[in-house]
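Examining the three-dimensional arrangement
Listed below, chain by chain, are the residues.
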Amino acid sequence: MEALGVWWAARTERERQIIKLGALFVGGVLIPLWLCLAVFDYRNEAAARYAEAREIANKVERIVAAQRAQPATSSGGGSIRERVLTVAQAHGLSAARVEEAGADALRIGFEPADSLSVYRWIDQVNRSGDTVATSTIVRVSGSELVVAEFEVRTSR
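Here the residue numbering is sequential within each chain, running from 1 through the sequence in written order. In view of the model being predicted, local features appear only for residues whose pLDDT reaches at least 70, and side-chain atom pairs are presented and counted only at 80 or more, with totals across whole chains, interfaces and linings using the full set of residues. Hydrogens and water molecules were not included; the side-chain quantities draw on all heavy atoms of the structure.

What about empty space enclosed by the protein?
A cavity here means a set of points on a 1 Å grid, drawn over the protein atoms and nothing else, where a 1.4 Å probe fits but cannot get out; a pocket is an open set with protein on both sides within 12 Å along at least five of seven lines, and a residue lines either one if it has an atom within 4 Å of a point. Grid points are joined across faces, edges and corners, and a volume is the space filled by probe spheres set on the points. Per the counting criterion, the structure on display carries 1 cavity of 30 Å³ or more. Approximately 50 Å³ is the volume found for the largest cavity. Contributing to the lining of the largest cavity are Lys-59, Arg-62, Ile-63, His-91, Asp-114, Leu-116, Ser-117 and Arg-120. Contributing elements (two or more residues each) for the lining of the largest cavity: α2 (13–73) and α4 (115–127). When grouped by side-chain class, the residues that make up the lining of the largest cavity number 2 nonpolar, 2 polar and 4 charged. For helices the rule is a DSSP run of H or I covering at least 4 residues; for strands it is a run of E covering at least 2, with both sets numbered from the N terminus onward. Note on residue classes: Ala, Val, Leu, Ile, Met, Phe, Trp, Tyr, Cys and Pro are nonpolar, Asp, Glu, Lys and Arg are charged, and everything else, Gly too, is polar.

Quick look at the pairing of strand β2 (residues 105–114)
Exposure categories follow from relative accessible area, calculated using a 1.4 Å probe and restricted to protein chains: below 20% of the type maximum is buried, above 50% is exposed, and the middle band is partly exposed. Most of β2 is tucked away, with 7 of its 10 residues classed as buried. For two strands to be treated as a pair, DSSP must find no fewer than two bridges joining them. Across 5 bridges, strand β1 (residues 95–100) lies against β2 in antiparallel orientation. For Ala-95, the partnering residue across the bridge sits in β2 and is Phe-110.

A few points about the side chain of Asp-130
Here Asp-130 is to be found in strand β3 (residues 130–139). Within polar-contact distance, the side chain of Asp-130 engages the side chain of Arg-83 at 3.0 Å. Counting of polar contacts relies on pairs of N or O atoms within 3.5 Å, with two restrictions inside protein: one atom must be capable of donating a hydrogen and the other of accepting it, and residues adjacent in sequence are counted only when both atoms are side-chain atoms. Within the local environment of Asp-130, its side chain forms a polar contact with the side chain of Thr-154, the two groups lying 3.3 Å apart.

Examining the sheet that holds β3
A sheet is described by the order of its strands in space; here 4 strands give the open sequence β1-β2-β4-β3, paired in antiparallel fashion. Edge strands, defined here as strands with exactly one partner in the open sheet, are β1 and β3. Averaged over all pairs of adjacent strands, the angle between their axes in this sheet comes to 15°, without regard to strand direction. As paired elements, β2 and strand β4 (residues 145–154) share 8 bridges and run antiparallel to each other. Within β4, the residue paired with Leu-106 across the bridge is Val-152. By definition, residues are in contact when any of their heavy atoms lie within 4.5 Å. Between N-to-C directions, angles span 0 to 180 degrees; the directions come from axes that are lines fitted to C-alpha atoms, helices contributing only their stretch in contact. Sitting on the sheet, helix α3 (residues 80–90) touches β1, β2, β3 and β4, and the angle it makes with β2 is about 10°.

Some remarks on the packing of α3 against α4
A packed helix pair is summarised by two numbers, namely the angle formed by the two axes and the spacing between the axes. The geometry of α3 relative to α4 is characterised by a closest axis approach of 9 Å and an angle of 145° between their N-to-C directions. In the packing of α3 onto α4, the handedness of the crossing is right-handed. Side by side, α3 and α4 meet where Val-84, Val-87 and Ala-88 of the first sit next to Trp-121, Gln-124 and Val-125 of the second. Residue composition of the contact of α3 with α4, by class: 5 nonpolar, 1 polar and no charged. Put simply, a crossing is left-handed when the front helix is turned counterclockwise from the back one by less than a right angle, and right-handed when it is turned clockwise.

The structure is reproduced here in structure tokens:
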């Protein structure tokens, strides 16, 4: 501490004023600015984590809804169209195109959706007694989504 006192005493009044102004600038402007930037970064990271958590929660809700709908779809009631669309709705999929392909087959195309939902839909359709005979799944460019088209045949 004595060395700092000796150093300070060796400075001229003008040097002391410049050093005081520099310290005031660092303490009054730069440190609060740094703290604001740190808080802003933390807020952005928290918002991203919250959005990711909401997305996971939505996926869990769709899975739970699909599991609740599974007993109803596997009971064998309704036409193939009704069964396939009910399962699609339970997984959050929207049909873009539905065409009858004979008495025991159906062609269905979905709007862009999460690939995991599409694969779960395939699994549940197969478990319900119908068969996904052909499939085309294409990733939407620059996105995590896929566009899917299927031919489903009844096994009943």
